[in-house]
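Breakdown of the fold
What follows is the residue order along each chain.
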Number of protein chains: 2
Amino acid sequence: MQVTERTAPTLDDVARAAGVSRATASRVINGAVPVSRPATEAVRKAVAMLGYRPNVAARALVTRRVGAVVVLVPETEERVFSDPFFSRAYHGALEAFRHTGIHVLLSMSHPHDGVDPMLAFFQSDHADGAIVISHHGYDFARAVANSNRPVVFVGNPGVPGLAYVDVDHARAAATATRHLLSRGAQTLGTVTGPMDMFAGVERLRGFQQAMAQAGRSGHLTAEGDFTFAGGEAAAFDLLSHHPEIDGLFVASDLMASGAIRAAERLGRRVPGDLMLVGFDDSLVATQSIPQLTTMENRPDLLARTAGQMLLEKLNGRQPESPVILPSRLVVRDSA
Amino acid sequence: MQVTERTAPTLDDVARAAGVSRATASRVINGAVPVSRPATEAVRKAVAMLGYRPNVAARALVTRRVGAVVVLVPETEERVFSDPFFSRAYHGALEAFRHTGIHVLLSMSHPHDGVDPMLAFFQSDHADGAIVISHHGYDFARAVANSNRPVVFVGNPGVPGLAYVDVDHARAAATATRHLLSRGAQTLGTVTGPMDMFAGVERLRGFQQAMAQAGRSGHLTAEGDFTFAGGEAAAFDLLSHHPEIDGLFVASDLMASGAIRAAERLGRRVPGDLMLVGFDDSLVATQSIPQLTTMENRPDLLARTAGQMLLEKLNGRQPESPVILPSRLVVRDSA
DNA sequence: ATGAAAGCGCTAACAC
DNA sequence: GTGTTAGCGCTTTCAT
C-alpha cells in the first residue's frame with residue numbers, strides 16, 4: 001500500500017503527459033505565441049487530466065507579475081464597512097478588472113496597527129498595482145507612490161505627479177450654489193467640509209466663486225467634518241448667528257441631513273424657510289425628510305475609471321491624468 | 001549621464017554589501033537560526049542602506065508559503081458591506097492574525113461572476129489558507145475544501161470532516177424559549193429561519209426541545225428567511241391564525257423587528273400582549289422599539305476562533321473541531 | 001513551430 | 001557559525 005504523493009502537478013508533468021517540451025506546454029497555457037494544433041490539444045488534454053494549475057509564485061518570479069491589484073483604503077475596517085462610499089468604490093474597481101484575469105484585493109487598516117501593514121503588503125510584491133481610496137493622508141500617498149509600482153488615486157492625493165481621478169468639486173459646488181440662487185434664495189451660507197481636505201477646500205471655493213459671479217458675498221461659512229453631528233453643529237451655529245440665511249449649500253449629504261435637524265431645532269422648515277443643497281447623492285439623500293437636492297458623486301465611476309487607468313499603466317501606457325468627472329444636480333425636495 | 005537602474009536590490013546585493021554569504025544574509029533576515037553578532041549587524045545595516053525587501057514570489061516558491069490567508073465570503077459585495085455580520089467577522093479574523101506577519105485578505109463574490117473567481121484566487125496559491133464565512137452553499141464548501149490547503153469555516157458547512165466554529169444554535173434557542181416560559185408566557189410560537197439552512201433548523205430544534213421538556217407543544221411555527229420583511233410576514237401569518245400566542249421566539253433580530261411591526265398591525269403591544277425574544281444581539285436589537293431581548297451571537301469571536309484554528313493548521317497542528325461557542329441571553333425590553 | 005538551457009530570488013540541506 | 005550548492009516551477013531567449 002503506497003501513499004499517494006499529494007504534490008500538485010507541475011508544468012513538467014503536463015509536458016511529459018502531452019509529449020511535448022515544457023516550453024511548448026507553457027506557450028499553450030499562456031496563449032499569445034503560435035503553437036501547432038496537435039500540440040495545443042495534447043497540452044490542453046493533459047492540463048485537464050492532471051488538474052494542472054500554474055504556480056503563481058514561480059510565474060511571478062520570472063514575469064514579475066502576480067495577477068492581482070489591490071484597493072488600498074487607509075481607513076479602519078469599521079469605517080470602510082459603514083460608509084457606502086467605499087463599498088461603491090470597491091464595486092467600481094471590481095468592474096474595471098472583470099474579464100482581465102486580474103484579481104482585485106481589498107486592504108484596509110487595522111484600528112490599532114494603522115497603515116503600516118497595508119504598506120508592507122503592497123511593497124512586498126503581493127499586488128502589481130494599487131488603487132488608493134483616501135480622503136486624506138498625504139504621507140500615505142507618498143509612501144505608496146514610492147513603491148515603484150503603478151498606483152492611481154481616487155480623489156486628489158495632494159501630491160504632485162500622481163495619477164488620480166476626481167470630481168470637479170468646485171464646479172459642482174458652484175452648480176449647487178447657482179441652483180439655490182435660481183430658486184430665489186436671498187442670503188446664502190455654506191457648511192463646508194474640513195479645511196485640511198482637498199474636497200472641503202474645493203467645494204468652498206466653488207461656492208464662493210459662484211457667489212462672487214452673482215455679485216454676492218460668500219462669507220457666511222461654518223466648517224463641518226463630513227459627519228451628521230458635525231453638520232448639525234455647524235449649521236446650528238451658522239443659522240443661530242445669521243437667521244437671515246435662507247439658502248444653505250452643505251458640502252455632504254450626511255452633514256445636510258444634520259443641518260435639517262439643526263433647522264428643526266431652530267424652528268425653521270425645509271425648504272419653506274430654508275433651502276438646502278447637499279453633496280454626494282448618497283443613500284441619506286433619499287432617506288432624509290425632506291429628500292435632499294444634491295450634487296451627484298459616483299464613487300463607483302471614480303474607482304472604475306481609476307481601475308481602467310491602472311490597467312493602462314500595467315500595460316505600459318501612460319493614461320491621461322488627472323481625470324475629472326462631471327457632477328450633475330439632482331433635484332429633490334430640499335431646494 | 002547614466003540611467004539609474006531601478007532594479008530592486010536582491011539578497012545577493014545585501015550579502016555582498018555586508019561581506020557575508022547569501023545564506024547568512026537569509027538567516028539574519030528570517031531570524032530563527034543563530035548568527036554571529038557582527039554578521040547580523042552588517043546584514044541589518046546593508047538591508048537598511050539598500051532598502052532591501054524580500055521578494056515574496058521567490059520566497060514562496062521555495063517555502064510554499066505566501067504569508068497571507070484569505071477570508072472567503074461567497075456573498076455579493078453588496079451584502080457583505082451592508083450586513084454587519086460580515087464586517088464584524090472580518091474584524092475577528094484580523095485579530096487572530098495580528099502580530100503574526102500574516103496578511104488577511106478579503107474576497108467576496110461578484111454579483112455577475114459568482115464564486116468562481118474566488119475559488120480561482122484561492123486555488124492559485126495566493127493564500128496559504130482560508131476562513132470561509134457562509135451561511136449556505138455546500139458546493140462552495142466542498143470546492144474550497146478540495147483545494148488541499150487548510151480551511152476553517154465559520155458556521156457549520158454541512159460537509160462532514162471540515163473544521164468549523166459555530167454557536168450552539170439549539171441550546172441558545174432553548175435558552176430563549178425557557179426565558180419566555182419563565183416570564184409567564186402561556187402559548188409559545190416561533191418564527192424560524194429558512195429550513196434549508198443549518199442555523200434555521202437547529203434553532204427550531206432547540207425551541208421544540210425546550211417546549212417538550214416543559215411539557216408543552218412546539219407546533220406553532222412559521223418559516224421566515226432571516227429578513228425584516230420575511231419575519232414580518234411570517235409573524236403576521238402566525239399571529240393571525242393563532243391569536244392565543246403570547247410569546248414568540250424569533251430566530252433573528254431582523255425578523256424579530258419585523259415581528260414587532262406585524263404585532264403592531266394586529267393591534268398587539270410588545271411586550272404587554274406579546275413577548276418576543278430574538279437572536280443575534282445585533283444592532284437592530286437596540287434600535288428597535290421596544291429594544292429586543294435576544295441571544296448573543298458574536299461573529300467576531302467566531303471568526304477570531306476560526307483564525308486561531310487556521311493558524312494552528314498552518315503550523316502543522318490539528319485543532320479540535322468543531323468549536324462550539326456558548327451564547328448568552330441578553331435581556332432587554334421585549335421579554 | 002519546437003526544444004534546450006538559462007535564470008528569476010530565495011531557502012534549505014549539507015559540509016565544514 | 002558560515003559558505004557552497006542544489007533546486008522551487010516557471011518563462012524566455014536562442015537555436016534549430
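Residues numbered from 1 in each chain as written. Chains lettered and ligands numbered in written order. Predicted model: local features only at pLDDT ≥ 70, side-chain atom pairs only at ≥ 80, totals over all residues. Heavy atoms only, no water.

1. Let's talk about the relation of the copies chain B and chain A
As a reminder, the rule being used: We superpose the copies by least squares over the C-alpha atoms of residues that have a pLDDT of at least 70 in both of them.
Superposition record for chain B on chain A: RMSD 0.2 Å, screw rotation 180°, translation along axis 0.2 Å. Read as a symmetry element, the transformation amounts to a two-fold axis. When C-alpha positions in chain B are compared against the rotation axis, the closest is assigned to A57(B), at 2.3 Å.

2. Some points on the packing of helix α1 (residues 11–18) of chain A against helix α2 (residues 22–30) of chain A
When two helices pack together, their arrangement is given by the angle between their axes and by how far apart the axes lie. Residues and elements named next belong to chain A. Definition in use: With axes taken as lines fitted to C-alpha atoms, and helix axes fitted only over the stretch in contact, angles between N-to-C directions fall between 0 and 180 degrees. The secondary structure listing takes helices from DSSP runs of H or I that are at least 4 residues long and strands from runs of E that are at least 2 residues long, numbered from the N terminus. The cut-offs work like this: below 35 degrees is roughly parallel, past 145 is roughly antiparallel, 65 to 115 is roughly perpendicular, and the gaps in between are oblique. Residue contacts are defined here by distance: any two heavy atoms, one from each residue, within 4.5 Å place the two residues in contact.
Packing of α1 against α2 leaves a shortest axis separation of 8 Å and a crossing angle of 100°. As summarised for this structure, α1 and α2 are arranged roughly perpendicular, according to the angle between their axes. Contacts from L11, D12, V14 and A15 in α1 reach R22, A25, S26 and I29 in α2.

3. What about the packing of helix α7 (residues 116–123) of chain B against helix α8 (residues 138–145) of chain B?
Residues and elements named next belong to chain B. Threshold: Handedness of a crossing follows from how the near helix is turned relative to the far one, being left-handed for an anticlockwise turn of less than a right angle and right-handed for a clockwise one. Side-chain classes are defined by residue name, with Ala, Val, Leu, Ile, Met, Phe, Trp, Tyr, Cys and Pro counting as nonpolar, Asp, Glu, Lys and Arg as charged, and the others, Gly among them, as polar.
Where α7 meets α8, the axes come as close as 10 Å, and the angle between the chain directions of the two elements is 15°. Considering their axes alone, α7 and α8 lie roughly parallel with respect to each other. Classified by chirality, the crossing of α8 by α7 is right-handed. Residues M118, L119, F122 and Q123 of α7 form the contact with α8, whose participating residues are F140, A143 and V144. Classifying every residue of the contact of α7 with α8 gives 6 nonpolar, 1 polar and no charged.

4. Considering the interface of chain B and chain A
Spelled out, the test is: As used here, buried area is the combined drop in accessible area, with a 1.4 Å probe, of two parts when they are placed together. Only one rule defines a salt bridge in this text: a Lys or Arg side-chain nitrogen within 4 Å of an Asp or Glu carboxyl oxygen.
Listed by partner, the interface residues are 36 residues for chain B and 36 residues for chain A. Counting each side, the surface lost to burial between chain B and chain A is near 3,400 Å², with a carbon and sulfur contribution of 60%. Of all residues in chain B, R53(B), F81(B) and H103(B) bury the most surface against chain A, accounting for 18% of the area lost on that side. For the interface between chain B and chain A, the tally reads 2 salt bridges. Notably, a salt bridge pairs D113(A) with R98(B), separated by 2.7 Å at the nearest N-O pair.

5. Examining the confidence of the model for chain A
Threshold: What pLDDT conveys is the predictor's confidence in a given residue, as a value from 0 to 100.
On average, residues of chain A score 93 in pLDDT, and 98% of them are at 70 or above. Per-residue pLDDT stays below 50 along residues 1–5 of chain A; that stretch engages in 0 contacts with residues further than four places along the chain or on separate chains.

6. Examining the side chain of H110(B)
Applicable threshold: Burial status follows relative accessibility: with a 1.4 Å probe on protein chains alone, a residue under 20% of its type maximum counts as buried, one over 50% as exposed, and anything between as partly exposed. As used in this structure description, the phrase polar contact means that two N or O atoms lie within 3.5 Å; if the pair is within protein, one of them must be able to donate a hydrogen and the other to accept it, and residues adjacent in sequence are counted only when both atoms belong to side chains.
Counting through the fold element by element, H110(B) comes out in the loop between β2 (103–109) and α7. Residue H110(B) is classed as buried on the basis of its relative accessible area, which comes to 7%. A distance of 3.0 Å separates a polar side-chain atom of H110(B) from the backbone nitrogen of H112(B). Aside from chain neighbours lying at most four places away, what touches H110(B) is L94(A), E95(A), R98(A) and E77(B).

7. Some points on the nonpolar core
The test is simple: What we call a nonpolar core is a set of buried Ala, Val, Leu, Ile, Met, Phe, Trp, Tyr and Cys residues that are connected through their side-chain atoms within 4.5 Å.
The biggest cluster of nonpolar side chains holds 64 residues, and the ones touching the most others in it are F97(A) and F97(B). The residues touching F97(B), leaving out its near neighbours within four places in the chain, are V69(B), I102(B), V104(B), I131(B), G307(B), L310(B), L311(B) and L314(B).

8. Quick word on the protein's contact with DNA strand C
Filter applied, for reference: We call a residue near a molecule or strand as soon as one heavy atom of that residue lies within 4 Å of the molecule or strand.
Residues in contact with DNA strand C amount to 28 residues; listed here are only the nearest, R27(A), S36(A), R64(A), L11(B) and Y52(B). Each atom of DNA strand C within 4 Å of the protein belongs either to a base or to sugar and phosphate, the latter forming 64%. Of all elements in the fold, only α2 and α4 (56–63) of chain A together with α2 (22–30) and α4 (56–63) of chain B reach the threshold of two or more residues within the surface near DNA strand C. For the surface near DNA strand C, the per-class residue count stands at 14 nonpolar, 8 polar and 6 charged.

9. Side note on the packing of aromatic side chains
Threshold: Side-chain rings of Phe, Tyr and Trp, where Trp is taken by its six-membered ring, are said to pair if the distance between their centres is within 6.5 Å; with planes under 30 degrees apart they count as stacked, over 60 as edge-to-face, and otherwise as tilted.
Throughout the structure, instances matching the rule amount to 9 aromatic pairs over all chains. With 5.9 Å between their ring centres and 80° between their planes, F85(A) and F86(A) make a pair best called edge-to-face. For F85(A), a relative accessible area of 15% translates into the label buried. Ring pairs connect the aromatic residues F81(A), Y90(A), F81(B) and Y90(B), which therefore count as one cluster.

10. Here's the deal with the UniProt feature "domain: HTH lacI-type" (unreviewed entry) in chain A
Quick reminder of the rule: UniProt positions are given in the numbering used here, feature names are shortened, and annotations may be inferred rather than shown by experiment.
Per the UniProt annotation, the sites labelled "domain: HTH lacI-type" (unreviewed entry) are residues 9–63 of chain A. As annotated, residues 9–63 of chain A comprises 71% helix and 0% strand, and the C-alpha atoms at either end are separated by 20 Å.

11. Brief notes about the protein's contact with DNA strand D
Surveying the vicinity of DNA strand D reveals 28 residues, the closest of which are L11(A), Y52(A), R27(B), S36(B) and R64(B). Counting only atoms of DNA strand D within 4 Å of the protein, the fraction found in sugar and phosphate groups is 61%. One of the backbone nitrogen or oxygen atoms of N55(A) is found 3.3 Å away from a phosphate oxygen of DNA strand D. One nitrogen or oxygen atom from the side chain of R59(A) is found 2.8 Å from a phosphate oxygen belonging to DNA strand D. Mapped by element, the contributors of at least two residues to the surface near DNA strand D are α2 and α4 of chain A together with α2 and α4 of chain B. Of the residues assigned to the surface near DNA strand D, the class counts are 14 nonpolar, 8 polar and 6 charged.

12. Side note on the sheet that holds strand β4 (residues 151–154) of chain A
Residue and element names in this part refer to chain A. For clarity, the threshold we go by: DSSP bridges decide pairing: two strands pair if at least two such bridges lie between them.
The parallel open sheet is built from 6 strands, whose spatial order is β2-β1-β3-β4-β5-β11. Each of the sheet's edge strands pairs with one partner strand only, and the pair in question is β2 (103–109) and β11 (323–325). Sheet twist, expressed as the average angle between the axes of neighbouring strands with direction ignored, equals 20°. Contacting β1 (68–76), β2, β3 (129–133) and β4, helix α7 (residues 116–123) crosses the sheet at an angle of about 170° to β1. On the sheet, helix α14 (residues 299–314) packs against β1, β3, β4, β5 (164–167) and β11 and is oriented at approximately 170° with respect to β4.

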